[in-house]
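The lines below spell out each chain.
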Amino acid sequence: GLHRLGQDTQIALILPETDANGCRIFTQRVVQSFAARNIPNSKSEHKLLTISGSLSAYDPLSDTKSSWRDMVDEALLYLHIAQGQGGNCISHVEAW
């Protein structure tokens, strides 16, 4: 599912029953597809609109996170890391 988060520029893609590798592949394809559009953005140092992403997971049966909210917090943390790396970047927990 596709869900808007707190800020109007943040969205979450929920991929149930998708393993870490599948999430990575999907996210890479989203970023590559978006970058290939070459959407102009005069306010960006890249002069193009870019996208940043992060990956996080939650398994209520075996996860060390106490709730899905911890997963969202983790995803937001890694999103900020990806945004700091420049355009069209993805960041995630190293265990992925």
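One can find the structure itself at the top, above this paragraph.
As a starting point, this report considers the structure included with it.

Each value, and the rule that gives it
The numbers attached to residues start from 1 for each chain and follow its sequence in the written order. Side-chain atom pairs in this predicted model are given and counted only at pLDDT of 80 or more, local residue features only at pLDDT of at least 70, and totals for whole chains, interfaces and linings cover all residues. Think of the side-chain values as coming from all heavy atoms in the structure, minus any hydrogens and water. The secondary structure listing takes helices from DSSP runs of H or I that are at least 4 residues long and strands from runs of E that are at least 2 residues long, numbered from the N terminus. Should any heavy atoms of two residues lie within 4.5 Å, those residues are considered in contact. Areas reported as accessible are Shrake-Rupley estimates using a 1.4 Å probe. Residue values count occlusion only from the protein chains shown. Buried, partly exposed and exposed residues are distinguished by accessible area as a fraction of the type maximum, computed with a 1.4 Å probe on protein chains only: under 20%, between the cut-offs, and over 50%, respectively. In this scheme, strands are said to pair when DSSP sees at least two bridges between them. For a helix, the expected span equals 1.5 Å multiplied by the number of residues minus one. This arc corresponds to the set of directions leading from the helix axis out to the C-beta atoms. Two joining distances apply to patches: 9 Å for like charges and 5 Å for nonpolar side chains (Val, Leu, Ile, Met, Phe, Trp, Tyr), and every residue must have over 30% relative accessible area and no salt bridge. What counts as a salt bridge is simple: a side-chain nitrogen of Lys or Arg found within 4 Å of a carboxyl oxygen of Asp or Glu.

Re the overall build of the chain
- Scanning the chain from N- to C-terminus turns up two helices and four strands.
- Look at the contacts in the chain between residues 6 or more apart in sequence, and 45% of them connect residues 24 or more apart.
- Accessible surface for the chain amounts to roughly 7,000 Å². Of this, 53% is attributable to carbon and sulfur atoms.

Quick notes on the environment of Ile14
- Following the sequence through the fold, Ile14 ends up in the loop between strand S2 (11-13) and helix H1 (20-36).
- Each C-alpha atom of the pair Ile14 and Ser56 lies 10.0 Å from the other, and the pair is 42 residues apart in sequence.

Structural notes on the side chain of Thr27
- Inspection of the secondary structure puts Thr27 in helix H1.
- Taking relative accessible area as the criterion, Thr27 reaches 14% and is therefore assigned buried.
- Setting aside anything within four residues of it in sequence, one finds Thr27 in contact with Leu55 and Ile90.

Quick notes on the environment of Leu13
- When you line up the elements, Leu13 lands in strand S2.
- Put simply, Leu13 and Cys23 are ten residues apart on the chain and 9.8 Å apart in space, counted from C-alpha to C-alpha.

Re the pairing of strand S4 (residues 89-92)
- Side chains Cys89 and Ser91 of S4 all project onto a buried face; the interleaved residues Ile90 and His92 project onto a face where none is buried.
- Pairing analysis gives four bridges linking strand S3 (residues 52-55) to S4, with the strands arranged parallel. Residue pairing in the sheet places Ser52 in a bridge with Cys89 of S4.

Description of helix H2 (residues 68-84)
- The end-to-end C-alpha separation of H2 is 25 Å, in line with the 24 Å expected for 17 residues at 1.5 Å each.
- Within H2, burial applies to Met71, Ala75, Tyr78, Leu79 and Ala82. Seen along its axis, H2 keeps its buried residues to an arc of 115 degrees; they face one direction. Exposed side of H2, more than 90 degrees from the buried face: Arg69 and Gly84 are the residues found there.
- Contact partners of the buried residues in H2: S3 and S4.

Structural notes on a nonpolar patch on the surface
- Together, Ile11, Leu13 and Phe26 give the surface a local cluster of nonpolar side chains, amounting to about 270 Å² of exposed area.
- Looking at Leu13, the relative accessible area reads 41%, which means it is partly exposed.

Everything listed here is a matter of coordinates, which is why it stays silent on function.
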